Structures are given as C-alpha cells and as structure tokens.
Amino acid sequence: MLGESDLAIAPASDDASFRRYFRVRRGGAQPSLIAMDAPPEKESCEQFVRVAGLFSAAGVHVPAIHAQDLSQGFLLLSDLGDTTYLDALE
C-alpha cells in the first residue's frame, strides 16, 4: 500500500499494553498514517477491528483501517493527529 521510498517512521504514542504505534509520514502532501504492531500472542487486533466498526457504525469518529494482517498483529490506520482528548478538554 505504501510503495514509497520517502518514508519517515517514528513512535506515535505509548500504550499501557503490548501494542506499539508508529507514525508513518509519506513524501508529498499525503496525510500520515499510524502503523499498529500488536504481538498476536499478547494482544488481539480482532477486538480492535470489531470495536472500531461498532463505534464507526454509531457515528463516532475512529481511525479508518487501511490495511490489516491480523495473523501478524499489524494494522495500518488513518492518523487522527497528535492532540489527545485530555489535551482538547483542558
């Protein structure tokens, strides 16, 4: 999906679980993406995908899932930005 040579990858956020998130910035004016790595023996991406679908169907703004490999524990998501809900509320 990315197929680009001009990529910058950096940690995106910390999580209290085994999941890791990386912000993938692509060349040009394209929006960045979030790569989620969740070791399948420790975390289930299937639950994330299911809950994201339920929230989306209810009209809640959630990251779009652009690509997935559930057996390897990888998701490629739209990037909702750096502002956390707590920061926005304060």
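Okay, so let's go over this structure. All figures in this text were calculated on a predicted structure; none of them were measured in a lab.

Conventions used here
- Residues numbered from 1 in each chain as written.
- Predicted model: local features only at pLDDT ≥ 70, side-chain atom pairs only at ≥ 80, totals over all residues.
- Heavy atoms only, no water.
- Salt bridge = Lys/Arg side-chain N within 4 Å of Asp/Glu carboxyl O.
- Helix = DSSP H or I, 4+ residues; strand = E, 2+ residues; numbered from the N terminus.
- Buried < 20%, exposed > 50% of the residue type's maximum accessible area, 1.4 Å probe, protein only.
- Pairing = 2+ DSSP bridges.
- Axes fitted to C-alpha atoms, helices over the stretch in contact; angles between N-to-C directions.
- Contact = heavy atoms within 4.5 Å.

## Here we look at the pattern of salt bridges
Stage number 1. Scanning the model with the defined rule gives four salt bridges in all.
Stage number 2. Of the charged contacts in the structure, one is a salt bridge between aspartate 37 and arginine 20, with a shortest N-O distance of 2.6 Å. In this pair, aspartate 37 is assigned in strand 3 (residues 33-37) and arginine 20 in strand 2 (residues 20-26), connecting sequence segments 17 residues apart.
Stage number 3. The partly exposed category is assigned to arginine 20, whose relative accessible area is 46%.
Stage number 4. A salt bridge links arginine 23 to aspartate 79, with the shortest nitrogen-to-oxygen separation between them at 2.5 Å. Here arginine 23, found in strand 2, pairs with aspartate 79, found in the loop between strand 5 (74-78) and helix 2 (85-89); they are 56 residues apart in sequence, far enough to count as distant.
Stage number 5. A residue is classified by how much of its surface remains accessible, and arginine 23, at 10% relative accessible area, is buried.
Stage number 6. A single network of salt bridges, built from pairs that share partners, joins Arg23, Asp79 and Asp82.

## Observations concerning the pairing of strand 2
Regular strands place their side chains on alternate faces of the sheet.
Stage number 1. Examined bridge by bridge, strand 1 (residues 7-13) and strand 2 share six bridges and lie antiparallel to one another. For leucine 7, the partnering residue across the bridge sits in strand 2 and is arginine 26.
Stage number 2. Relative to strand 3, strand 2 runs antiparallel, the two being bridged by five bridges. Residue pairing in the sheet places arginine 20 in a bridge with aspartate 37 of strand 3.

## A short note on the pairing of strand 3
Stage number 1. Within strand 3, four of the five residues are buried, leaving the element largely enclosed by the surrounding structure.
Stage number 2. Inspection of the sheet shows strand 3 paired to strand 5 by five bridges, in the antiparallel sense. Residue aspartate 37 lies in a different strand from strand 5, and its bridge partner there is phenylalanine 74.

## Some thoughts on the sheet that holds strand 5
Stage number 1. With antiparallel pairing, five strands are arranged side by side in an open sheet as 1-2-3-5-4. Edge positions in the sheet fall to strand 1 and strand 4 (65-69), since each has one partner strand and no second. Direction aside, the axes of adjacent strands within the sheet are offset by 20° on average.
Stage number 2. Against the sheet, helix 1 (residues 45-57) engages strand 3, strand 4 and strand 5, with an angle of about 30° to strand 5.

Purely geometric stuff here, so don't read any function into it on its own.
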